[in-house]
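# Fold and contact review
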Amino acid sequence: MYNPMATFLFNPEGTVIKNFLSKKAVFSYETLLLFFLIWFIFTIITYGTAVPAGLFLPGILIGCSLGRVLGLFIENYIVQEIHPSTYAIIGSAAMLAGYSRLSFSLAVIMLETTENVNLFLPIIFALFVSFATSGIFNKSMYVNAIRAKVLPFLNEHVPMCNELITAEQIMATTVVSFSPKSTVSKIYKVLSENEFDG
């Protein structure tokens, strides 16, 4: 007996994505929502641990399940002549754009996945809507991870408190330098006689 949930949970991620993108596959709301819930919870749990689990494939799977739910709803209640698998790929692109803030590179990856150029405009539209909507609420998940780990990170914009500062104001007046061919003893002498903050 065929069980869609067993197909989702006991197969590799690549096979599950192929099932989501299959036009012949039929899934129920319950199966899709339960799959979404399981993967969402597991992704949240593994994201905070030191396990190399990744976020890209879980993002695709979560987006595929939600997109397929939307496609199923549209097929049942609005227009019958659609393929829910189309909404699965658009949902996965929107999900990835929402948390990673990827744009055109993500569109190219999704188009190469589907090999369907007709989905270019819907994918681009979904990416921009997702990108804009998620930008209202928070920063990229990767930016938040870098800040949580207190890693040095170069912002896109200069902070307001530093906008008018020039390099001359923060540099030392006497610049210590080396000649192109310095000896080890000279380098050691310069380093031991001077204090450096960089």
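The structure reproduced in this document is the subject of the present report. (Residues numbered from 1 in each chain as written. Predicted model: local features only at pLDDT ≥ 70, side-chain atom pairs only at ≥ 80, totals over all residues. Heavy atoms only, no water.)

## Observations concerning the overall build of the protein chain
Within the protein chain one finds 10 helices and zero strands. Listing each helix as α and each strand as β along the protein chain from the N terminus yields α-α-α-α-α-α-α-α-α-α. Whereas a compact globule of 198 residues would reach a radius of gyration of roughly 16 Å, the protein chain reaches 25 Å, over 25% beyond that. In terms of principal-axis extent, the alpha carbons of the protein chain reach across some 80 × 35 × 30 Å. Split into buried and exposed, the 198 residues of the protein chain put 30% on the buried side. Expressed as a percentage of contacts within the protein chain between residues at least 6 apart in sequence, the contacts between residues at least 24 apart total 63%. Accessible area of the protein chain: about 14,000 Å², with a carbon and sulfur share of 66%. The protein chain carries 11 positive and 12 negative side-chain charges, and their two centres are separated by 6 Å. (Helix = DSSP H or I, 4+ residues; strand = E, 2+ residues; numbered from the N terminus. Rg over C-alpha atoms; globule rule 2.2 N^0.38 Å. Buried < 20%, exposed > 50% of the residue type's maximum accessible area, 1.4 Å probe, protein only. Contact = heavy atoms within 4.5 Å. Areas by Shrake-Rupley, 256 points an atom, 1.4 Å probe, with all protein chains shown as cover. Lys, Arg positive; Asp, Glu negative; His and termini not counted. Charge placed at Lys NZ, Arg CZ, Asp CG, Glu CD.)

## Here's the deal with unusual backbone geometry
Positive phi values are uncommon outside glycine, yet Arg 101 reaches one of about 60°. Its relative accessible area of 17% is what places Arg 101 among the buried residues. For Val 150, which is not a glycine, the phi torsion comes out positive at approximately 55°. Locating Val 150 in the fold gives a position in the loop between α8 (141–148) and α9 (167–170). The exposed category is assigned to Val 150, whose relative accessible area is 69%.

## Some remarks on the packing of helix α6 (residues 104–114) against helix α7 (residues 120–137)
In a pair of packed helices, the angle between the axes and the distance between the axes together describe the arrangement. Two elements in contact, α6 and α7, have axes whose closest approach is 10 Å; the angle formed by their N-to-C orientations is 140°. Taken together, α6 and α7 sit at an angle that is classed as oblique. Here α6 and α7 pass one another in a crossing that is right-handed. Two secondary-structure elements touch here, α6 through Phe 104, Leu 106, Ala 107, Met 110 and Leu 111 and α7 through Phe 120, Ile 123, Ile 124, Leu 127 and Phe 128. In terms of residue class, the contact of α6 with α7 is made up of 10 nonpolar, no polar and no charged. (Axes fitted to C-alpha atoms, helices over the stretch in contact; angles between N-to-C directions. Parallel < 35°, antiparallel > 145°, perpendicular 65-115°, else oblique. Left-handed = near helix turned anticlockwise from the far one by under 90°. Nonpolar A, V, L, I, M, F, W, Y, C, P; charged D, E, K, R; others polar.)

## Concerning the side chain of Thr 31
Position of Thr 31 among the secondary structure elements: in helix α3 (residues 29–47). The class of Thr 31 is buried, set by a relative accessible area of 12%. Residues within four places of Thr 31 in sequence aside, it is in contact with Pro 4, Met 5 and Phe 8.

## What to know about the environment of Ala 88
You can see Ala 88 is positioned in helix α5 (residues 84–100). Residues Ala 88 and Glu 115 lie 27 residues apart in sequence; the distance between their C-alpha atoms is 14 Å.

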